[in-house]
Amino acid sequence: MNGILVSAGNNLLSPIILSFALGFFAAIVRSDLTIPEAMAKALSIYLLFAIGFKGGVSVSSNEFDSGVLMALIAGTLLSLLLPILAFALLNVLTSLDQLNKAAVAGHYGSISIVTFVAATSALELYNIDAEGYMVAVAAAMEAPAIVTALWLASRGSKDSRMGSDMWREILLNGSIVLLIGAFVIGLLTGSEGMNEIESFIVTPFKGVLCLFLLDIGLVAGRSLLQSYKHITRGLVAFGVLMPLIGSITGLAIAILLNLSEGGAVLLMVLCASASYIAVPAAMRVALPEANAGIYLTLSLGITFPFNLTLGIPLYLAAASALYS
């Protein structure tokens, strides 16, 4: 227990988490602090490229073996199945209609890439190595949950909601294209490519992440202010319980896949996080009738802060206890 508290304290006092807290606080007190939209998008592009590139470089030094393939298959299946668990939990804890339950559930099968980045930073802090191909697993887990969400929404209906626009939204989502594309570039260029752009990819990374999380804190705080009336105690409970259920599922699969301790933590984080980029964009196209205030506030205003402050230390402690 003391180890968890110390880890949580270290996590809370990192510049990365405090930057998010500053943005969240500024939004709650209604400060006029803003990050220009163009700058926020540039920060996001940088982070996605850097994450994908570093993952590709890491994989380039190792063979693409059956372990990598199994991890990718497992990630895809988890993304497809976790929304079903989320939907069932929403049935127990809330009185949402089928459409809104499906929209919320889809967010909890996809992933938050920023939570993934924060987890990798925490692993670096404790000198814990992880498999480089976990970046590819993260990319594989972005989209399948959207398909499950649409299936959940359309059960008993003749409207499949899977038109060409929806498939385009899923397959050509900008964050997925950039993450996979950067991964391939890193894979093809390897350590020589890293040497060429290391000063751009590695050194500024955490500083850029701080600015990005400052903006995310502003967005999360303002989303909470606008939509708190829709958030019941059952939804708050869901926003905390679902990450814990997802993380336990991820840990069990990590053990089956024989991942390292660091790899297990990252898979736990991927299964525990909730999308606030790819899935909301898809839901706006496919399920416009769903209440965006509910699913955005849950993923960004409740689950995201929980994972950053308490979730990651808990996942680290659980993996450490099993792998020690």
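Further up the page is the structure itself.
Residues numbered from 1 in each chain as written. Predicted model: local features only at pLDDT ≥ 70, side-chain atom pairs only at ≥ 80, totals over all residues. Heavy atoms only, no water.

**Let's talk about the overall build of the chain**
Across its full length, the chain carries 15 helices and zero strands. Within the span of the chain, comprising 324 residues, buried residues form 53% of the whole. Sequence separation of 24 or more characterises 88% of the internal contacts of the chain that already satisfy a separation of 6 or more. Only carbon and sulfur atoms are counted for the fraction: they give 65% of the accessible area of the chain, which is about 14300 Å². (Helix = DSSP H or I, 4+ residues; strand = E, 2+ residues; numbered from the N terminus. Buried < 20%, exposed > 50% of the residue type's maximum accessible area, 1.4 Å probe, protein only. Contact = heavy atoms within 4.5 Å. Areas by Shrake-Rupley, 256 points an atom, 1.4 Å probe, with all protein chains shown as cover.)

**Comments concerning the pattern of salt bridges**
Taken as a whole and assessed by the stated rule, the structure comprises one salt bridge. Where E124 meets K206, a salt bridge forms, and the shortest distance between an N and an O atom there is 3.6 Å. Taken as a pair, E124 in helix α6 (residues 113-125) and K206 in helix α11 (residues 205-227) lie far apart in primary sequence, 82 residues in all. Residue K206 is classed as partly exposed on the basis of its relative accessible area of 39%. (Salt bridge = Lys/Arg side-chain N within 4 Å of Asp/Glu carboxyl O.)

**Observations concerning the packing of α6 against α11**
As a packed pair, α6 and α11 sit with axes 12 Å apart at the nearest point and diverge in direction by 140°. Considered as vectors, α6 and α11 are oriented oblique to each other. Crossing angle aside, the handedness with which α6 passes α11 is left-handed. Contact residues: V114, V117, S121 and E124 in α6; F205, K206, L209, F212 and L213 in α11. Considered class by class, the residues forming the contact of α6 with α11 number six nonpolar, one polar and two charged. (Axes fitted to C-alpha atoms, helices over the stretch in contact; angles between N-to-C directions. Parallel < 35°, antiparallel > 145°, perpendicular 65-115°, else oblique. Left-handed = near helix turned anticlockwise from the far one by under 90°. Nonpolar A, V, L, I, M, F, W, Y, C, P; charged D, E, K, R; others polar.)

**Re the environment of M70**
Tracing the backbone through its elements, the reader meets M70 in helix α4 (residues 66-93). Sequence separation between M70 and L257 is 187 residues, and the spatial gap between their C-alpha atoms is 7.3 Å.

**Details of helix α5 (residues 98-107)**
Counting buried positions along α5 gives nine out of 10 residues, so the element sits mostly inside the fold. Regarding α5, the residues found buried are L99, N100, K101, A102, A103, V104, A105, G106 and H107. The residue sitting at the N-terminus of α5 and contributing the capping side-chain oxygen is D97; that oxygen lies 3.0 Å from the backbone nitrogen of L99. (Polar contact = N/O pair within 3.5 Å; in protein donor to acceptor, adjacent residues only side chain to side chain.)

**What about the side chain of S112?**
Positionally, S112 belongs in the loop between α5 and α6. A relative accessible area of 2% places S112 in the buried class. Separated by 2.7 Å, the side chains of S112 and T115 make a polar contact. Each residue touching S112, except ones within four places of it in the same chain, is listed here: S273, A274, S275, Y276 and F304.

**Observations concerning the packing of aromatic side chains**
If you walk through the whole model with that rule in mind, you get six aromatic pairs. Centre to centre, the rings of Y46 and F200 are 5.1 Å apart; their planes meet at 90°, and the pair counts as edge-to-face. Placement of the pair is Y46 in helix α3 (residues 37-60) and F200 in helix α10 (residues 174-201), with a sequence separation of 154 residues. We classify Y46 as buried; its relative accessible area is 10%. The class of F200 is partly exposed, set by a relative accessible area of 45%. With a centroid separation of 4.9 Å and 70° between ring planes, the pair formed by Y108 and F238 is classed as edge-to-face. Of this pair, Y108 sits in the loop between α5 and α6 while F238 sits in helix α12 (residues 233-256), and the two are 130 residues apart along the sequence. F238 carries the same exposure label as Y108, and that label is buried. Aromatic rings pair up to connect F20, F24 and F304 into one cluster. Of note, K54 hangs over the ring of F205, and the distance from its end group to the ring centre comes to 3.9 Å. (Phe/Tyr/Trp six-rings, centres within 6.5 Å; stacked < 30°, edge-to-face > 60°. Lys NZ or Arg CZ within 6 Å of the ring centre and 35° of its normal.)

**A word on helix α13 (residues 261-272)**
Between the first and last C-alpha of α13 there are 16 Å, a value that for 12 residues agrees with the 16 Å anticipated at 1.5 Å per step. If you check which residues of α13 are buried, you get G262, G263, A264, V265, L266, L267, M268, V269, L270, C271 and A272. Packed against the buried residues of α13 are α4, α6, α7 (134-140), α12 and α15 (292-323). (Expected span 1.5 Å × (residues − 1).)

**Examining the packing of α5 against α15**
Running from amino to carboxyl end, α5 crosses α15 at an angle of 30°, the nearest separation of the two axes being 9 Å. As the angle between them shows, α5 and α15 are arranged roughly parallel. In the packing of α5 onto α15, the handedness of the crossing is right-handed. Each of A103, V104 and H107 in α5 lies in contact with α15, whose residues at this interface are I294, Y295, L298 and S299. Residue classes in the contact of α5 with α15 are distributed as five nonpolar, two polar and no charged.

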